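The chain contents come next:
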Amino acid sequence: MRPRFDPTLLYARVWEDDLVLREGLRIRPGDRVFSVASAGENGFSLLLDDPSEVVLLDRNATQMALVRLKVAALRHLEPREGRRLFGFDEAPRGERRRLYRSLRSALSSHDRERFDAAEDVVSAGLLHAGKFERYLATFRNFVLPLVQSRATVDAMTGLRDLEAQRRLYRERWDSRRWRALFRVFFGRRVMQRMGRERAFFDHVTATSIGDVFRARAQKALCDMPVADNPYLLWILTGRSIAPAWLDEATAPLIRRRLERLTLVEADLLEYLKRPAAGRRFDAHNLSDVFEYMPEDAASDALRVLHAASEPGARLVYWNLLVPRDAHALPELYEADTGLASALHAHDRAFFYGRLVIERTRATL
């Protein structure tokens with residue numbers, strides 16, 4: 001069992017598809033972009049589209065410490081070293097410890113103390129340290145072997161032909177035991193205890209969450225190339241495709257634009273309500289923030305976002321289990337349902353139920 005990090009670290013990696021996000025936001029050179037930080041990767045990817053600034057915000061201090069460590073790795077390590085440090089590539093613990101220590105002087109004293117105290121976790125690979133990643137690792141290590149042999153998992157993750165994936169799913173994967181154990185492990189009770197914050201379920205009305213997620217997993221296993229899906233591949237095998245900031249082709253450009261990144265540790269709405277310093281935002285990556293809000297609060301948040309936006313600003317966010325959008329605010333927002341549906345059909349982060357893309361309207 002891997003050692004545990006600070007339990008307030010919810011996500012060690014971002015669980016939204018950056019390719020979908022970038023296509024949905026359609027950032028133009030010079031745009032000013034607001035993004036929920038989470039674990040940082042998607043904010044880094046947005047730098048590829050040449051914005052003037054990306055503000056990365058999270059109120060969770062541990063999440064922001066992880067983002068700052070990744071920024072230090074971007075500045076001072078080669079991509080292959082970053083992949084080894086964070087656990088995307090295999091590496092001895094001693095090498096991860098050496099790579100971390102090479103970054104210590106680039107960290108604040110507070111962040112150094114935080115990661116020094118958890119050096120055993122850093123040595124094991126921080127990719128595995130978040131609450132959600134530990135939950136999925138429990139599924140991979142203890143539940144999946146009860147229903148699928150290693151040979152079947154290797155076959156599924158190695159296929160490149162969708163019809164072959166569908167056939168394998170029908171003939172070897174979709175057993176009664178698979179359906180039953182999946183329903184339990186990804187049901188409300190187990191997920192609430194092991195995988196997500198309790199507040200996440202406050203507005204969920206679905207009665208059989210496990211069946212909802214099983215249907216989404218089935219679609220991914222049958223309709224998307226598993227070998228090219230970093231999220232599904234990691235869930236099933238523990239291996240993953242490195243994100244853009246650790247890719248040899250894209251990391252250098254992200255590194256050159258790091259000065260355009262602004263890191264903010266604050267509440268989202270409190271920050272957006274502050275008097276604007278300069279112009280407003282042209283694009284917003286909002287992750288799944290409305291999942292935690294009742295409908296009236298979500299509408300209030302969308303009003304705050306509108307006031308912090310330029311006319312025509314684009315918003316991209318996901319609905320996991322709670323339907324949220326700006327349909328009650330037609331005077332403020334216009335939905336781009338066609339693009340959202342088209343992108344959601346190819347979203348590698350298959351567990352989301354819906355992608356929302358909206359544009360702000362100008363008001364008098």
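Residues numbered from 1 in each chain as written. Predicted model: local features only at pLDDT ≥ 70, side-chain atom pairs only at ≥ 80, totals over all residues. Heavy atoms only, no water.

Participant: Before we go on, may I ask you to explain the overall build of the protein in this structure?
Facilitator: Secondary structure assignment for the protein yields 18 helices and seven strands. For a compact globule of 364 residues, the expected C-alpha radius of gyration is about 21 Å, and the protein comes in at 20 Å, within 12% of that figure. Summarising its shape, the C-alpha atoms of the protein cover approximately 60 × 50 × 35 Å along the three principal directions. Within the protein, the fraction of its 364 residues that count as buried is 57%. Contacts in the protein between residues at least 24 apart in sequence constitute 75% of all its contacts with a sequence separation of at least 6. For the protein, the exposed area adds up to about 16,100 Å²; of that, 50% sits on carbon and sulfur atoms. (Helix = DSSP H or I, 4+ residues; strand = E, 2+ residues; numbered from the N terminus. Rg over C-alpha atoms; globule rule 2.2 N^0.38 Å. Buried < 20%, exposed > 50% of the residue type's maximum accessible area, 1.4 Å probe, protein only. Contact = heavy atoms within 4.5 Å. Areas by Shrake-Rupley, 256 points an atom, 1.4 Å probe, with all protein chains shown as cover.)

Participant: I keep staring at the sheet that holds strand 7 (residues 354–360) and nothing clicks. Help me out?
Facilitator: Note: strands within a sheet are paired through backbone hydrogen bonds, in either parallel or antiparallel orientation. A sheet is described by the order of its strands in space; here seven strands give the open sequence 3-2-1-4-5-7-6, paired in mixed fashion. Bordering the open sheet on either side are strand 3 (261–265) and strand 6 (333–335), each of which pairs with just one other strand. For this sheet, the mean angle separating the axes of adjacent strands, direction not counted, is 20 degrees. Judged from the five bridges that link them, strand 1 (residues 32–36) and strand 2 (residues 53–58) form a sheet pairing that is parallel. Its bridge partner lying in strand 2, F34 is registered against V55. Against the sheet, helix 1 (residues 18–25) contacts strand 4 (281–285), strand 5 (309–319) and strand 7, and its axis sits at roughly 155 degrees relative to strand 5. (Pairing = 2+ DSSP bridges. Axes fitted to C-alpha atoms, helices over the stretch in contact; angles between N-to-C directions.)

Participant: Explanation requested: the pattern of salt bridges in the structure shown.
Facilitator: Two side chains carrying opposite charge are able to pair once their charged atoms lie near each other. Going through the model one piece at a time under the given rule, you end up with 31 salt bridges. In this structure, the salt-bridge partner of R160 is D228, at a minimum N-O distance of 2.5 Å. Taken as a pair, R160 in the loop between helix 9 (150–158) and helix 10 (162–173) and D228 in the loop between helix 13 (209–223) and helix 14 (230–237) lie far apart in primary sequence, 68 residues in all. The exposure class of R160 is exposed, given its relative accessible area of 60%. (Salt bridge = Lys/Arg side-chain N within 4 Å of Asp/Glu carboxyl O.)

Participant: Where do I start with helix 1 in this structure?
Facilitator: A turn of α-helix holds 3.6 residues, and therefore any two residues three or four places apart point the same way. By the burial criterion, the buried members of helix 1 are D18, V20, L21, G24 and L25. Taken down its axis, helix 1 places every buried residue within 155 degrees of arc, on the same side. Elements in contact with the buried residues of helix 1: helix 2 (41–46), helix 14, strand 4, strand 5, helix 18 (337–344) and strand 7. Backbone nitrogen of L19 and a side-chain oxygen of the N-cap are separated by 2.9 Å at the start of helix 1; the cap is D17. Phi turns positive one or two residues past the end of helix 1, at R26, with a value near 50 degrees. (Arc of directions from axis to C-beta. Polar contact = N/O pair within 3.5 Å; in protein donor to acceptor, adjacent residues only side chain to side chain.)

Participant: I'm lost on the confidence of the model for the protein in this one. Help?
Facilitator: Any residue range with low pLDDT should be treated as having predicted coordinates unsuitable for detailed reading. In this model, the protein carries a mean pLDDT of 92, and residues with pLDDT of at least 70 account for 95%. Mean pLDDT values for the elements of the protein range from 77 in helix 12 (residues 188–194) up to 98 in helix 1. (pLDDT = per-residue confidence, 0-100.)

Participant: Even after reading the chapter, I still don't get unusual backbone geometry, so can you show me in this structure?
Facilitator: The phi torsion of most residues other than glycine is negative, and most of the peptide bonds are trans. Even without glycine at this site, R26 takes up a positive phi of about 50 degrees. Position of R26 among the secondary structure elements: in the loop between helix 1 and strand 1. If you check the backbone angles, S38 has positive phi at about 50 degrees while not being a glycine. Its place among the elements puts S38 in the loop between strand 1 and helix 2. Among the residues examined, S38 registers a relative accessible area of 11% and is labelled buried.

Participant: Could you clarify how one ought to interpret the side chain of N229 in this entry?
Facilitator: Considering the arrangement of structural elements, one finds N229 in the loop between helix 13 and helix 14. Its relative accessible area of 1% is what places N229 among the buried residues.

Participant: Please clarify how the packing of aromatic side chains should be interpreted in this entry.
Facilitator: Aromatic ring pairs are reported here in terms of the distance separating the ring centres and the angle at which the planes meet. On inspection of all chains with the given rule, the structure shows 26 aromatic pairs. Each ring, one from F182 and one from F186, has its centre 4.6 Å from the other, and the planes form 35 degrees; the classification is tilted. A single burial state applies to F182 and to F186, both of which are buried. Judged by centre distance (6.5 Å) and plane angle (80 degrees), the ring pair of Y231 and F351 falls under edge-to-face. Taken as a pair, Y231 in helix 14 and F351 in the loop between helix 18 and strand 7 lie far apart in primary sequence, 120 residues in all. Across the pair, F351 and Y231 agree in class, each one buried. (Phe/Tyr/Trp six-rings, centres within 6.5 Å; stacked < 30°, edge-to-face > 60°.)

Participant: Sorry if this is basic, but what is going on with helix 8 (residues 131–147) here?
Facilitator: Here helix 8 is 17 residues long and its end C-alpha atoms lie 24 Å apart, about the 24 Å a rise of 1.5 Å per residue gives. Along helix 8, the sharpest kink reaches roughly 35 degrees, centred on R140. Of all 17 residues in helix 8, 12 are buried; the element is thus mostly enclosed. What helix 8 keeps buried is the set K131, F132, E133, R134, Y135, L136, A137, F139, R140, V143, L144 and V147. (Expected span 1.5 Å × (residues − 1). Bend = angle between axes of the 7 residues up to and from the residue.)

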